[in-house]
Amino acid sequence: MATKIGMMDAAYFVGRSEILAWINSTLQLNLSKVEEACSGAVHCQLLDAVHPGMVPMHKVNFDAKSEYEMIQNYKVLQDVFNKLKITKHIEVSKLVKGRPLDNLEFMQWLKRYCDSVNGGLVSYNPIERREGSKGGKEVGKKGPPAQTSAKGTAAAPKAQSHHGRRHESSSSVNSNSSSTLNVKAARPPPPAPAYEEQITELKLSVDSLEKERDYYFAKLRDVELFCQSPGLEGLPVIAAIQQILYAADNDGSAVAEARAMMSLNCQEENEEAEVLSSEEKMVNPDSQKRKSIRNLDVEAAGINNLSPRQRFPDATDVHCSGSPLMTY
């Protein structure tokens, strides 16, 4: 099940364009960025598409702008997760900030989950399901056409004002035109779509690098705390690890020095063991003699306890030696 997929799963390598195409085609929306779904309403409806009737769409707010309103949507989503026994943790505090990487990762997981449930949507009407939600009727109509209409409405008053001011003097017209030129010059030009895409990619890479940095720093901190445990500070292997941890930047000899420390310590231990064994032999030479004497005494006592037949096992074969004592 997709609720237990790891960070290296193929689901987290799906691109933003594929995620956006999936959201817009499934819910008939016009999203241009993944972080535009940070309010949580889109997540609720995507879950409603694969589990019809499980999400109370009348509680979902598609017009949520403040964090408080967004959190209400995520509460609805969490309740549905609990009903479906989905153990995925929702990082609401990060998602409501609209950060691209956090929203992309959660949407990648949600797509993986939806694909694992039914592999695709069947007979789902997203517009009809949104009608009972707050702001659900207008959310599908927002997009580039609205911007062109806004430009047209803005141009109409300018034309009317231009025709209504024909009676003004040429000096006033010149002053107005110069002021409009100054205003246009003061406004920075809008960024091109290509630059916006590059900026988004750079933000995603920066967020990924920050997470990776924090992960490895936490691991190194755990190793440092372990090396500082009572009773371990004096061990040679701990000293070698600290030599690597506390080495200066661009110091490639830290690993070699740590290996040299370990090899020197092993050599010293071997020499100490040899010295101790030789000292024991020199200090207690009588003990070896006593052991040999004891062994001889034990052997003599054992021979005395044997029967005559056991002492001379070849006595039965004495007739084979040609002894003159034998009579036939």
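Here the structure is a predicted model, which is why all the values come from computation and not from measurement.

What counts and how
- Throughout this description, residue numbers start from 1 for each chain and increase along the sequence as written.
- Residue-level local features of this predicted model are given only where pLDDT is at least 70; pairs of side-chain atoms are given and counted only at 80 or more, and the full residue set underlies all totals for whole chains, interfaces and linings.
- Only hydrogens and water are removed before side-chain values are computed, so all heavy atoms of the structure are retained for them.
- To qualify as a helix, a DSSP run of H or I must reach at least 4 residues; to qualify as a strand, a run of E must reach at least 2; elements of each kind are numbered from the N terminus.
- Three exposure classes are used, based on accessible area relative to the maximum for each residue type with a 1.4 Å probe and protein chains only: buried under 20%, partly exposed in between, and exposed over 50%.
- The contact criterion used throughout is that any non-hydrogen atoms of two residues lie within 4.5 Å.
- Only the protein chains shown count as cover for residues, and all accessible areas are computed by the Shrake-Rupley method using a 1.4 Å probe.
- Each Phe, Tyr or Trp ring, with Trp reduced to its six-membered ring, pairs with another whose centre is within 6.5 Å; inter-plane angles below 30 degrees give stacked pairs, above 60 give edge-to-face pairs, and intermediate values give tilted ones.
- Geometrically, a lysine NZ or arginine CZ counts as sitting over a ring once it is within 6 Å of the ring centre and also within 35 degrees of the ring normal.
- Among buried residues, the Ala, Val, Leu, Ile, Met, Phe, Trp, Tyr and Cys ones that are joined through side-chain atoms within 4.5 Å form a nonpolar core.
- Put simply, a salt bridge is a Lys or Arg side-chain nitrogen that is within 4 Å of an Asp or Glu carboxyl oxygen.
- Between N-to-C directions, angles span 0 to 180 degrees; the directions come from axes that are lines fitted to C-alpha atoms, helices contributing only their stretch in contact.
- For classification purposes, an angle smaller than 35 degrees is called roughly parallel, one larger than 145 roughly antiparallel, one from 65 to 115 roughly perpendicular, and anything else oblique.
- Each residue is assigned to one class: nonpolar for Ala, Val, Leu, Ile, Met, Phe, Trp, Tyr, Cys and Pro, charged for Asp, Glu, Lys and Arg, and polar for all the others, Gly among them.
- How far a helix is expected to stretch is found by multiplying one less than its residue total by 1.5 Å.
- In this scheme the handedness of a crossing depends on how the near helix is turned from the far one: anticlockwise by less than a right angle means left-handed, clockwise means right-handed.
- Whenever a nitrogen or oxygen atom comes within 3.5 Å of another N or O atom, the pair is scored as a polar contact, on the condition that within protein one atom can donate a hydrogen and the other can accept it, and that pairs from neighbouring residues in sequence are kept only if both atoms are in side chains.

The next subject is the overall build of the protein. The helix and strand inventory of the protein stands at 14 helices and zero strands. Expressed as a percentage of its 328 residues, the buried residues of the protein come to 25%. A separation threshold of at least 6 residues defines the contact pool for the protein, and within that pool the share at least 24 residues apart is 61%. Split by element, the accessible area of the protein, about 23,000 Å² in all, is 57% carbon and sulfur.

Within this structure, the stated rule accounts for four aromatic pairs. For the pair W109 and Y113, a centre-to-centre distance of 5.6 Å together with 10° between the ring planes defines the contact as stacked. A residue pair is termed a helical-turn pair when its members lie 3 or 4 positions apart in one helix, as W109 and Y113 do in helix α5 (residues 100-118) at four residues. For the pair W109 and Y113, a shared accessibility class is recorded, and that class is buried. With a centroid separation of 5.2 Å and an interplanar angle of 80°, the aromatic rings of Y215 and Y216 are classed as edge-to-face. Judged by its relative accessible area of 49%, Y215 falls in the partly exposed class. By relative accessible area, Y216 is classed as partly exposed at 49%. Grouping aromatic residues by their ring pairs yields a cluster made of F81, F106, W109 and Y113. For the cation-ring pair, K111 lies above W22, with the distance from its terminal atom to the ring centre recorded as 5.9 Å.

Within the largest apolar cluster, 45 residues are counted, with the highest numbers of intra-cluster contacts made by I23, L47 and M107. Elements supplying a minimum of two residues to this core: α1 (16-27), α2 (41-50), α3 (67-84) and α5. Ranked by residue count, the leading element in this core is α5, at eight residues. Those residues within four positions of I23 in sequence are excluded, and the remaining contacts are Q28, L29, L31, V42, L46 and M107.

Moving on, we come to the pattern of salt bridges. Taken as a whole, this structure holds ten salt bridges when the rule is applied. Between E67 and K97 there is a salt bridge whose closest N-O contact spans 3.2 Å. In this pair, E67 sits in helix α3 while K97 sits in the loop between α4 (92-95) and α5, placing the two residues 30 residues apart along the sequence. The class of E67 is partly exposed, set by a relative accessible area of 37%. Judged by relative accessible area, which is 55%, K97 ranks as exposed.

Phi angles above zero are rare outside glycine, and Q28 is one such case at about 55°. Its identity is not glycine, yet K85 carries a phi of approximately 60°, on the positive side. If you trace the backbone, K85 turns up in the loop between α3 and α4.

Between α2 and α5, the least distance of the axes is 10 Å, while the angle of their chain directions is 10°. With respect to their mutual orientation, α2 and α5 come out roughly parallel. Residues H43, L46, L47 and V50 of α2 form the contact with α5, whose participating residues are F106, M107, L110, Y113, C114, V117 and N118. When grouped by side-chain class, the residues that make up the contact of α2 with α5 number nine nonpolar, two polar and no charged.

For α5, which comprises 19 residues, the first-to-last C-alpha distance of 27 Å matches the rise-based estimate of 27 Å (1.5 Å per residue) to within 8%. Here α5 lies mainly inside the structure; 14 of its 19 residues are buried.

Between two packed helices, both the angle of their axes relative to each other and the distance between the axes serve to describe the pair. Their axes nearest at 11 Å, the elements α1 and α2 cross at an angle of 65°. In terms of orientation, α1 lies roughly perpendicular with respect to α2. Considering only the axes of α1 and α2, their crossing is left-handed. Contacts between α1 and α2 involve W22, I23, T26 and L27 on the former and, on the latter, V42, Q45 and L46. Class assignment for the residues of the contact of α1 with α2 results in five nonpolar, two polar and no charged.

Turning to the side chain of Q108, a few remarks are in order. Counting through the fold element by element, Q108 comes out in helix α5. Owing to a relative accessible area of 4%, Q108 belongs among the buried residues under this scheme. Of note is the side chain of Q108, whose polar atom sits 2.7 Å from the backbone oxygen of V14.

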